[in-house]
Amino acid sequence: QVHLVESGGGLVQAGGSLRLSCAATGRTFSTYSMGWFRQTPGKEREFVATIRWSGGTTYYADSVKGRFTISRDNAKSTVYLQMNSLKPEDTAVYYCAADLWGPSEAGDESSWDYWGQGTQVTVSS
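Residues numbered from 1 in each chain as written. Predicted model: local features only at pLDDT ≥ 70, side-chain atom pairs only at ≥ 80, totals over all residues. Heavy atoms only, no water.

Enquirer: How should the pattern of salt bridges be read in this particular structure?
Expert: It is possible for side chains bearing opposite charge to pair when their charged atoms get close. In the structure shown here, the tally under the stated rule is five salt bridges. In this structure, Asp 90 and Arg 38 form a salt bridge, with 2.9 Å as the shortest nitrogen-oxygen distance. Of this pair, Asp 90 sits in the loop between β8 (78–83) and β9 (92–100) while Arg 38 sits in strand β4 (residues 32–39), and the two are 52 residues apart along the sequence. The residue Arg 45 makes a salt bridge to Glu 109 at a minimum N-O spacing of 3.9 Å. Taken together, the positions of Arg 45 in the loop between β4 and β5 (46–51) and Glu 109 in the loop between β9 and β10 (114–115) put the pair 64 residues apart, joining distant regions of the chain. Because the salt bridges share partners, they merge into one network encompassing Arg 38, Glu 46, Arg 67 and Asp 90. (Salt bridge = Lys/Arg side-chain N within 4 Å of Asp/Glu carboxyl O. Helix = DSSP H or I, 4+ residues; strand = E, 2+ residues; numbered from the N terminus.)

Next up, the structure:
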């Protein structure tokens, strides 16, 4: 069992930055691929970014590529999402996800084993 807790959300003006953190407890963090998803009311959860358990491979949704950076610190059992040049359309609840060794399909939320409770990010125009 893996327990995930997100933090770092908040209110920011368009063009600003935020860094989300997701602290994991439970199993060996270094064996889990980690991901970030986001969700707005009435919409399905949307893939944002993922980083492989080995830490060397990352993937991003086209909508955030070049603005967001996912990283991990295995010593702290934490994954981060650095969000720059934020836009109002980035407003959402952001969720952290974990999967042992890696999901079969990173963009498919059903492929992930564990989820955090979410943290709200609001970008004002």
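Enquirer: Would you explain the sheet that holds strand β1 (residues 2–7) in this entry?
Expert: Paired through backbone hydrogen bonds, the strands of a sheet run either parallel or antiparallel to each other. Pairing is antiparallel across the open sheet formed by four strands, whose spatial order is β1-β3-β8-β7. Bordering the open sheet on either side are β1 and β7 (68–73), each of which pairs with just one other strand. On average, each strand axis in the sheet is tilted by 15° relative to the strand beside it, whichever way the strands run. Across six bridges, the pairing between β1 and strand β3 (residues 18–26) is antiparallel. Along β3, the bridge assignment pairs Glu 6 with Cys 22. (Pairing = 2+ DSSP bridges. Axes fitted to C-alpha atoms, helices over the stretch in contact; angles between N-to-C directions.)

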